[in-house]
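So you can see what is in the structure, the chains are spelled out below.
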Amino acid sequence: KITDQAGLDNARKDYHLPERFIFFLGNTDPKKNTANVLKAFALYKQKYNDNLYLVMPDYDESALQELLRQTVKPEIRSHIVMTGYVPNEELPYIINQCVLMLYPSLRESFGIPILEGMACGVPVITSNSSSMPEIAGDAALMVEPSDPNDILRAVEQVINDPDQAAVLSEKGIQRARQFSWDKMAEAYIALYKE
């Protein structure tokens, strides 16, 4: 969690962050599941006329436009904020300000962004497949990544239930503490000793 209000304010200004937003860290690789994230967000915007935005860092505008044309109504573009490139050290300043972090990849070998979201104390939604359930434990909501309606269901749970969002935030902070370079080194040393 970041308590540096000036840093948070600077990130909000520098990256044109809206007041309320979902943070989605993806790219053009199909495994990042951007198409289904956009479908789920379009379903959300059809259902709710609110001020919730989707923030996507480091994503190409032309790739987004093409994906919107292929998958959903391009009108949702007005509710998507493209930040451009964000250096790794500045990502926590953005993540700390989102209402939830969405990371429903189709597959991941580990899924470090899940832990980054948790360490920032925000509710995380991730996939029920690959390594992601093992990383997230019970500290995130799991979705079927190929089902936009299931992604929408989880988003609605977090948005509409502040108590559940708070529980996920606290569990996420605790879960992220279980992963560190020191703990990884200790585990490797224990393996070598066997």
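One can find the structure itself at the top, above this paragraph.
What counts, and at which threshold
- Note on numbering: residues in each chain are counted from 1, in written sequence order.
- Whole-chain, interface and lining totals are the exception, using all residues; otherwise, since this is a predicted model, local features are given only for residues with pLDDT of at least 70 and side-chain atom pairs are given and counted only at 80 or more.
- The basis for every side-chain value is the complete set of heavy atoms in the structure, and neither hydrogens nor water enter the calculation.
- In this scheme, patches are assembled from residues that exceed 30% relative accessible area and form no salt bridge. Like charges are connected within 9 Å, while nonpolar side chains (Val, Leu, Ile, Met, Phe, Trp, Tyr) are connected within 5 Å.
- Shrake-Rupley sampling with a 1.4 Å probe provides the accessible areas, and residues are treated as covered by the protein chains on show and by no other component.
- A side-chain nitrogen of Lys or Arg and a carboxyl oxygen of Asp or Glu constitute a salt bridge if their distance falls within 4 Å.
- Numbering goes from the N terminus for both helices and strands, where a helix is a DSSP run of H or I of at least four residues and a strand is a run of E of at least two.
- Each residue is assigned to one of three classes by its accessible area relative to the maximum for its type, calculated with a 1.4 Å probe on protein chains only: buried under 20%, partly exposed between the two thresholds, exposed over 50%.
- Here a polar contact means two N or O atoms within 3.5 Å. Within protein one must be a hydrogen donor candidate and the other an acceptor candidate, and residues neighboring in sequence count only if both atoms are side-chain atoms.
- The contact criterion used throughout is that any non-hydrogen atoms of two residues lie within 4.5 Å.
- Two rings from Phe, Tyr or Trp (for Trp, the six-membered ring) form a pair when their centres sit within 6.5 Å of each other. Planes less than 30 degrees apart are called stacked, planes more than 60 degrees apart edge-to-face, and all others tilted.
- Only strands that DSSP links by at least two bridges are regarded as paired with each other.
- By convention, a crossover is right-handed whenever its connection, traced from the first strand over the helix to the second and viewed with the strands pointing away, goes clockwise.
- Every axis in this analysis is a line fitted to C-alpha atoms, fitted for helices over the stretch in contact. Angles between the N-to-C directions lie between 0 and 180 degrees.

**Q** Can you break down a nonpolar patch on the surface residue by residue, with the values?
**A** Nonpolar side chains collect at one region of the surface, where Tyr-188, Leu-191 and Tyr-192 lie side by side and expose about 430 Å² of accessible area between them. Tracing the backbone shows Tyr-188 in helix α9 (residues 181-193).

**Q** Help me get a handle on the side chain of Asn-33, residues and values and all.
**A** One can find Asn-33 in the loop between β1 (20-24) and α2 (34-47). When its relative accessible area of 3% is taken as the criterion, Asn-33 is described as buried. Looking at Asn-33, its side chain comes within polar contact range of the side chain of Asn-36, at 2.9 Å. Not counting residues within four places of it along the chain, the set of residues in contact with Asn-33 comprises Pro-104, Ser-105, Leu-106, Pro-145 and Ile-151.

**Q** Now, about the packing of aromatic side chains: what can you tell me, with residues and values included?
**A** Scanning the model with the defined rule gives two aromatic pairs in all. Where Phe-110 meets Phe-179, the ring centres are 6.0 Å apart and the plane angle is 80 degrees; that geometry is what we call edge-to-face. Separated by 69 residues along the polypeptide, Phe-110 in the loop between β4 (100-103) and α5 (112-119) and Phe-179 in the loop between α8 (162-177) and α9 bring together distant segments of the chain.

**Q** Explain the pairing of β4 to me, and be specific about the residues and the numbers.
**A** The side-chain alternation of β4 yields two buried faces, one formed by Leu-100 and Leu-102 and the other by Met-101 and Tyr-103. The pairing of β1 with β4 spans three bridges and is classified as parallel. Across the sheet, the residue bridging to Ile-22 is Leu-100, located in β4. For the segment spanning β4, α5 and strand β5 (residues 124-127), crossover handedness is right-handed.

**Q** Quick rundown of the sheet that holds β5? Include the residues and the values.
**A** Strand order in the open sheet formed by six strands is β3-β2-β1-β4-β5-β6, with parallel pairing between adjacent strands. Two strands close off the open sheet at either side, each with one partner strand: β3 (80-84) and β6 (141-143). Recorded for the sheet is a direction-independent mean angle of 25 degrees between the axes of neighbouring strands. One ladder, built from four bridges, connects strand β2 (residues 52-57) with β3; its direction is parallel.

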